[in-house]
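# Examining the three-dimensional arrangement
The lines below spell out each chain.
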Amino acid sequence: MPRMSIRPILLHPDPRLKKACPPVTAITPEVAQLAEDMLATMYDAPGIGLAAPQVGVLTRMFVMDCIKEEGAAPRPMVLINPEILWRSEEQNSYEEGCLSIPEHYAPVSRPAQVRMRWTGLDGKTHEDEFDGLWATCAQHELDHLDGKLFIDYLGPIKRQLITRKMEKFKRELARG
Ligand code: NI
């Protein structure tokens, strides 16, 4: 079993968070290691989802675990080359946040249910339907693989305000 390590999470604005990522072409030991590291990084943050570009790896893969009940068993999921096969007409609005945009939240409306297909670490094709927080999270993370952030759903004024605050936050971090 490879050792898991926490990887640094890129903060918005960063050009690597705006790129469309190419697919994973083979489930190599490096891909498995990346998945383990991403899960460790997500749980450590803590967060419910993390996409590969958020740790600077431009490839189509994300991890998520939306189990929130106290004491419930974790349900770590690794989705490689995910795609949406079906979206519900019904929409759902959630107050979204992002580990790359810490401490900023805004409601985003998305399809309430989605059916997705992806490749697992086992190399097999998986298919499942997600709803509730799982549906929101899966769509948010899939957006990351296309260089899209939740703030891209907001109006330009709100988006620019958050981006300016993040620029200031990053300058303060850099100064230490
Ligand atoms: Ni995010």
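Notes on the structure follow. (Residues numbered from 1 in each chain as written. Predicted model: local features only at pLDDT ≥ 70, side-chain atom pairs only at ≥ 80, totals over all residues. Heavy atoms only, no water.)

## Structural notes on the coordination of the nickel ion
- Taken together, Cys-98 (SG), His-140 (NE2) and His-144 (NE2) make up the protein donors of the nickel ion, found 2.1 to 2.3 Å from the metal.
- Taken in chain order, the donor set of the nickel ion reads C-x41-H-x3-H. Of this pair, Cys-98 sits in the loop between strand S4 (91-96) and strand S5 (106-111) while His-144 is found in helix H2 (residues 132-144), placing the two residues 46 residues apart along the sequence. (Donors = N, O, S within 2.8 Å, 3.2 Å for Na, K, Ca; no water. Helix = DSSP H or I, 4+ residues; strand = E, 2+ residues; numbered from the N terminus.)

## Quick word on the nonpolar core
- Grouped together as the largest cluster of nonpolar side chains are 18 residues, with contacts concentrated most on Phe-62, Met-64, Met-77, Leu-79, Met-116 and Phe-130.
- Broken down by secondary-structure element, the contributors of at least two residues to this core are strand S2 (61-64), strand S3 (77-87), strand S6 (113-119) and H2.
- Ranked by residues supplied to this core, first place goes to H2 with 6 residues.
- Leave out the neighbours within four places in its chain, and Phe-130 touches Met-64, Met-77, Leu-79, Ala-112, Gln-113, Val-114, Met-116, Trp-118, Ala-135 and Ala-138.
- Listed in part, the 14 residues of the second largest apolar core include Val-31, Ala-35, Val-63 and Val-78. (Core = buried A, V, L, I, M, F, W, Y, C linked by side-chain atoms within 4.5 Å. Buried < 20%, exposed > 50% of the residue type's maximum accessible area, 1.4 Å probe, protein only. Contact = heavy atoms within 4.5 Å.)

## What about unusual backbone geometry?
- At the junction of His-12 and Pro-13, the peptide bond is cis and its omega measures out at -5 degrees in the coordinates.
- Of note, Pro-13 is situated in the segment before helix H1 (29-44).
- Cis geometry marks the peptide bond from Ala-45 to Pro-46; its omega dihedral reads -10 degrees.
- Residue placement: Pro-46 occurs in the loop between H1 and strand S1 (49-51).
- Positioned with a positive phi, Asn-81 is a non-glycine residue whose angle comes to about 45 degrees.
- Among the secondary structure elements, Asn-81 is positioned in strand S3.
- Under the relative-accessibility criterion, Asn-81 is labelled partly exposed at 23%.
- Despite not being glycine, Glu-103 has its phi angle at roughly 70 degrees, a positive value.
- The residue Glu-103 is located in the loop between S4 and S5 in this model.

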